[in-house]
Amino acid sequence: MKIVFATGNEGKMKEVRMIMGELGMEILSMKEAGLQLAIEENGATFEENAMIKAQAIADVMDDVIVLADDSGLEIDYLNKEPGVHSSRYMGETTSYDIKNQHILDLLKGVEEQKRTARFVCTIAVIFPDGEKKVVRETIEGQIGYESKGSNGFGYDPIFYVPEFGCTTAELSLEQKNKISHRGKALERIKTIICNSLAGQK
Ligand code: IMP
């Protein structure tokens, strides 16, 4: 049994392989599975978008476990934007240096207590027999006052985690996976898949 993960993002695949690798199953990205699908993420919630992506793959592949995630950054001061629009925020091709600086500018002068934010990750799983599940996990933090760190991707350099005293871009991948929205969601999905393989779905 193989797992196909609906993403073309190599940063995500790295995190996925590190966590799901323990299952001992082959884990393929869409590209590795030979799929070139343009999937429109037009859901209103992270859960809907994850399921839309998983379903699009399940529709064209047999005998695989399909996983798809949808994630993003919710900034309370910006009414939870960019939210489900996180990757499209300010345009898909705009660099994160520019996006992150724009967010820092929007929050200029905003006091610490009002800078709360979270990364959200939902992961949908569809089993070969059609059974579906979706999980949601978050990591709470704050928008920092400047970009810091070069690990990770996307909004990591401006996402400050008070309990670690640094941004998620300053954490190693191992450290980030232990506390991150995606790390926690992947751990839950791993348990769901383990239980399913053990026949206790
Ligand atoms: P998705 O690929 O549609 O799930 O879009 C997720 C977007 O949310 C990414 O392109 C990033 O902009 C942002 N994002 C999600 N997770 C993270 C993370 O762990 N670090 C930084 N940015 C993230």
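Everything discussed here concerns the structure shown above.
First, a word on scope: everything that follows refers to the structure included in this document. Predicted, not measured: the structure shown is a model, and the values here were computed from it.

### Re the pairing of strand S2 (residues 26–29)
Across four bridges, the pairing between strand S1 (residues 2–5) and S2 is parallel. Across the sheet, Ile3 pairs through a bridge with Ile27, a residue of S2. Read as a crossover between parallel neighbours, the route from S1 over helix H1 (residues 10–20) to S2 is right-handed.

### With respect to the site of the ligand
Taken together, 17 residues are adjacent to the ligand, and Lys12, Ser71, Tyr96, Asp156 and Lys176 come closest. With respect to the ligand, the side chain of Glu41 contributes an N or O atom lying 3.3 Å from an oxygen atom. With respect to the ligand, the backbone of Tyr155 contributes an N or O atom lying 3.2 Å from a nitrogen atom. For the ligand, whose free accessible area comes to 490 Å², the fraction covered by protein is 93%. Mapping the ligand onto the cavity grids shows that it belongs to the largest pocket. Of all the secondary structure elements, the ones that give two or more residues to the shell around the ligand are strand S3 (64–75) and helix H5 (181–197). At three residues, S3 tops the list of elements feeding residues into the shell around the ligand.

### Examining the side chain of Thr122
Of note, Thr122 is situated in strand S5 (residues 116–126). At a separation of 3.0 Å, a polar atom in the side chain of Thr122 contacts the main-chain carbonyl oxygen of Phe46. Not counting residues within four places of it along the chain, the set of residues in contact with Thr122 comprises Phe46, Glu47, Ala50, Ala68, Asp69, Asp70, Val134, Val135 and Arg136.

### Digging into the layout of surface pockets
Volume-wise, the largest pocket comes out at about 630 Å³. Along its surface, the largest pocket is lined by 34 residues, and Asn9, Lys12, Ser71, Ser87 and Tyr96 are the ones closest to its centre. For the lining of the largest pocket, the elements supplying multiple residues, two or more each, are S3, helix H3 (96–106) and H5. With five residues, S3 is the single largest residue contributor to the lining of the largest pocket. Residues of the lining of the largest pocket, tallied by class, amount to 10 nonpolar, 13 polar and 11 charged. Here the second largest pocket is characterised by a volume of approximately 180 Å³. What lines the second largest pocket is a set of 13 residues, and nearest its centre among them are Gly144, Tyr145, Glu146, Lys148 and Tyr160. At the level of elements, strand S6 (132–143) and strand S8 (166–167) are the ones that each hand at least two residues to the lining of the second largest pocket.

Quick notes on the rules
Residues numbered from 1 in each chain as written. Predicted model: local features only at pLDDT ≥ 70, side-chain atom pairs only at ≥ 80, totals over all residues. Heavy atoms only, no water. Pairing = 2+ DSSP bridges. Helix = DSSP H or I, 4+ residues; strand = E, 2+ residues; numbered from the N terminus. Right-handed = clockwise from strand over helix to strand, strands pointing away. Near = heavy atom within 4 Å. Polar contact = N/O pair within 3.5 Å; in protein donor to acceptor, adjacent residues only side chain to side chain. Areas by Shrake-Rupley, 256 points an atom, 1.4 Å probe, with all protein chains shown as cover. 1 Å grid on protein atoms, 1.4 Å probe; cavity = no way out; pocket = protein on both sides within 12 Å on 5 of 7 lines; lining within 4 Å. Sits in = over half its atoms within 2 Å of the grid points. Contact = heavy atoms within 4.5 Å. Points joined across faces, edges and corners; volume = space filled by probe spheres on them. Nonpolar A, V, L, I, M, F, W, Y, C, P; charged D, E, K, R; others polar.

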